[in-house]
Amino acid sequence: MNDLIAPLGPHADYILGSYAAVAVVLVGLAASILRDHAAQKKALAALEERGVGRRSGRRAS
């Protein structure tokens, strides 16, 4: 393991910490996107169940 960290030099802790922070942020963003997607699908299903249709699905008069 030390052979992998040695090339990073004296700033290895900062570099690895930065990568870890970015990984945490990306996982958080992905989780947020997935949670929002599920909420939007649920809201759309509720609207369609109430009879509210999409404008793109209507025929032009």
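Above this text sits the structure in question.
Residues numbered from 1 in each chain as written. Predicted model: local features only at pLDDT ≥ 70, side-chain atom pairs only at ≥ 80, totals over all residues. Heavy atoms only, no water.

Enquirer: How would you sum up the overall build of the chain? Please name residues and give values.
Expert: From N to C terminus, the chain includes 2 helices and 0 strands. For 61 residues, the compact-globule estimate of 2.2 N^0.38 gives 10 Å, and the chain exceeds it by more than 25% at 23 Å. Projected onto its principal axes, the C-alpha coordinates of the chain cover approximately 70 × 20 × 15 Å. When burial is assessed residue by residue, the chain has 2% of its 61 residues classed as buried. (Helix = DSSP H or I, 4+ residues; strand = E, 2+ residues; numbered from the N terminus. Rg over C-alpha atoms; globule rule 2.2 N^0.38 Å. Buried < 20%, exposed > 50% of the residue type's maximum accessible area, 1.4 Å probe, protein only.)

Enquirer: An account of a nonpolar patch on the surface is requested, with residue identities and associated values reported.
Expert: The grouping of V22, V25, L26 and L29 at the surface amounts to a nonpolar patch, some 360 Å² of accessible area in total. With respect to the helices and strands, the residue L26 is situated in helix α2 (residues 12-49). Residue classification places L26 among the exposed residues on the basis of a relative accessible area of 51%. (Patch = residues over 30% accessible without salt bridge, like charges linked within 9 Å, V, L, I, M, F, W, Y side chains within 5 Å. Areas by Shrake-Rupley, 256 points an atom, 1.4 Å probe, with all protein chains shown as cover. Salt bridge = Lys/Arg side-chain N within 4 Å of Asp/Glu carboxyl O.)

Enquirer: Please provide a residue-by-residue account of the environment of A45, values included.
Expert: On the secondary structure map, A45 appears in helix α2. Taking the relative accessible area as the measure of exposure, A45 reaches 41% and is therefore partly exposed. Taking the C-alpha atoms as reference points, A45 and A6, 39 residues apart in sequence, are found 54 Å from one another.

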